[in-house]
Amino acid sequence: MINAIISASLRDRFMVLIITVIVALTGLYAYKNAPLDAIPDLSDVQVIIFTKFPGQSPQVVEDQVTYPLTTSMLAVPKTKVVRGYSFFGMSFVYIIFEDGADMYWARSRVLESLNYVSGRLPQGVTPTLGPDATGVGWIYEYALVDKTGKHDLAQLRSLQDWYLRYPLQTVNGVAEVASVGGYVKQYQVEVDPNALLRYNIPLNKVKMAIKRSNNDVGGRLVEMAETEYMVRSRGYIQSIDDLNKIPVSVDENGTPVRLKDIARVQIGPELRRGLVDLNGEGEVAGGVVIMRFGENALATIQAVRKKLDELKEGLPEGVEIVPVYDRGDLIERAVDSLNTSLLQELVIVSLVVILFLLHARSAFVAIITLPLGILMAFIVMRFQGLNANIMSLGGIAITIGTMVDGAIVMVENAHSQLAIANDKKGRELTRTEHWQVIGESSREVGPALFFSLLVITVSFLPIFTMQAQEGRLFSPLAFTATYAMAASAILAITLVPVMMGYFLRGKIIAEDKNPINRALHALHSPALKIAMGSRSVTLFIALALLAVTYYPYSKIGSEFMPGKALVF
């Protein structure tokens, strides 16, 4: 069958070239539009339910919010684990789903369950879903810094919350922009209990008066002189003075009791549960950009960078946006590493082929399989929805050296057959004779090469048996390595024979006439004779070297992923 494919490729070589061009263009499109990220997404499919229950202790939050939500979520299909956490005034419930569950299918199932459990929650408590992101969605972080000292932390936080946050959320691929650090500005009313007792005003009445006064009221229309006027009352609080003037009650003489008579109103920060420090230079405010599930990380980061550059123009004088974490740098370095490895491999293969065959055009036959094989792998990745990351690109990188083996062996065998044919004929081969020798040499080694490359391809199959996080980490590597090796095996029996027919022309030097080959044979032959003559000693040395490796192997530690030590 392999010989039939080789013969068909040589017979319809123009069609092979056309298909090659189509595959190359399709692969180039897939490569240019492949989603890029730093590492595979190792996190489970999870949905987070966040619920606020202000002013309540963790035990009350646990009993009235977390427990009802947790027990209800246990019935969600494909649920693997449900975890509930209760804090002061807030509750978190994490629903982790089985591998393979779709993120948005899981979110819709959770929303259905929330409809049933909402009646069991305290009045006014409304659970909300977390962003549609995963554990590796944290792609960008920045800090707002004012080294001139003109703006305090409250002002910087206000800039983040009201000027930067909402425009950044409009960026395609962004699920959430979380504000961190600084002070959240709020109006604070410090009530005097003695004044409340003196005027006989309950605290709840003060609360209702403030709430009632912070509102716009609309009325009907009034027609005057054939003109309609809309009746409305504007009552939103704009300043501390507006709060001070709010009437709370009346005293025994009918005099209004205003808020300033029973309380002190001021602007202050909301209660903080943490802070953000930048490089030990002091507190700052900032934001964390979270990417939506399944999006192109590099494209999203580039869009965030562009949006921040636009927003910088509207910041007050002295305020700067300082990038703190940018995953795009790591992604770009990973892609550059693959491009560098591919270029180095192309150069090395070209030099090896030229040195050992003394034929420059033969190098092109070998090196063309590298970019084509990689582009074919990207086509399959595109259809599979697999993004390009360190592991998937690493799978291609580790197979680059093996991908050219088939082409090199085919070229070397064709050189030998052409040299023999030229010696027999005593003249340069005709066009028909040339293609006939190329076909015979390709069929001679083609089947063995194809199946040897397939053996290397299937060697990655055990990786697919891995489950959970280790499976999600290493499966991209196995996928891309398998695709690249399969592509090189296909190219070895289709394109390579055709390219040899076009490029293996001119003066072909026999193997025994190459000075480099003769020098290597002169070194190798005596060593081989000694090894074969002293077989026992050779085997003993090999076993001794194997035994020596046991000690360093036993002292090597183990870790799931490489890490870098952090000093605090």
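Structure first, text after, so check above.
What counts and how
Residues numbered from 1 in each chain as written. Predicted model: local features only at pLDDT ≥ 70, side-chain atom pairs only at ≥ 80, totals over all residues. Heavy atoms only, no water. 1 Å grid on protein atoms, 1.4 Å probe; cavity = no way out; pocket = protein on both sides within 12 Å on 5 of 7 lines; lining within 4 Å. Points joined across faces, edges and corners; volume = space filled by probe spheres on them. Helix = DSSP H or I, 4+ residues; strand = E, 2+ residues; numbered from the N terminus. Nonpolar A, V, L, I, M, F, W, Y, C, P; charged D, E, K, R; others polar. Pairing = 2+ DSSP bridges. Core = buried A, V, L, I, M, F, W, Y, C linked by side-chain atoms within 4.5 Å. Buried < 20%, exposed > 50% of the residue type's maximum accessible area, 1.4 Å probe, protein only. Contact = heavy atoms within 4.5 Å. Salt bridge = Lys/Arg side-chain N within 4 Å of Asp/Glu carboxyl O.

Student: Would you mind showing me how to read empty space enclosed by the protein here?
Tutor: To locate leftover empty space, one rolls a probe as large as a water molecule over the atoms. What the rule picks out here adds up to 1 cavity of 30 Å³ or more. Estimates place the volume of the largest cavity at around 30 Å³. No other element matches helix 13 (residues 369-384), which puts 3 residues into the lining of the largest cavity. A class-by-class count of the residues in the lining of the largest cavity yields 6 nonpolar, no polar and 1 charged.

Student: How should I be thinking about the pairing of strand 10 (residues 247-250) in this particular structure?
Tutor: Consecutive residues of a regular strand have side chains that alternate between opposite faces of the sheet. Of the pairings in the sheet, the one linking strand 10 to strand 11 (residues 256-258) comprises 3 bridges and is antiparallel in character. Looking at strand 11, one finds that valine 250 is bridged to proline 256. Between strand 10 and the antiparallel strand that follows it, strand 11, lie 5 residues; glycine 254 among them carries a positive phi value of about 85°.

Student: Got a minute to help me understand the nonpolar core in this structure?
Tutor: Here is a general trend for soluble globular proteins: nonpolar side chains tend to be buried in one another's company. Grouped together as the largest cluster of nonpolar side chains are 88 residues, with contacts concentrated most on Tyr140, Tyr142, Val304, Phe378, Met500 and Leu504. Aside from chain neighbours lying at most four places away, what touches phenylalanine 378 is Gly27, Ala30, Tyr31, Ala34, Ala388, Leu393 and Ile396. Counting residues in hydrophobic clusters, the runner-up holds 20 residues, among them Val76, Ala101, Ala106 and Val125.

Student: Is there a simple way to think about the pattern of salt bridges in this case?
Tutor: One side chain can pair with another of opposite charge once the charged atoms of both are near each other. For the structure shown, the criterion picks out 13 salt bridges. Glutamate 190 is the salt-bridge partner of arginine 264, the closest N and O atoms lying 2.8 Å from each other. With arginine 264 in strand 12 (residues 263-269) and glutamate 190 in strand 7 (residues 185-191), the pair connects residues that are 74 residues apart, well separated along the chain. Judged by its relative accessible area of 47%, arginine 264 is partly exposed. The class for glutamate 190 is partly exposed, based on a relative accessible area of 37%. When the shortest N-O distance is used, the salt bridge between glutamate 332 and arginine 305 registers 3.3 Å. Here the residue glutamate 332 occupies a position in helix 11 (residues 327-357), and arginine 305 occupies one in helix 10 (residues 297-312), the gap between them amounting to 27 residues. Given the relative accessible area of 27%, glutamate 332 is considered partly exposed.

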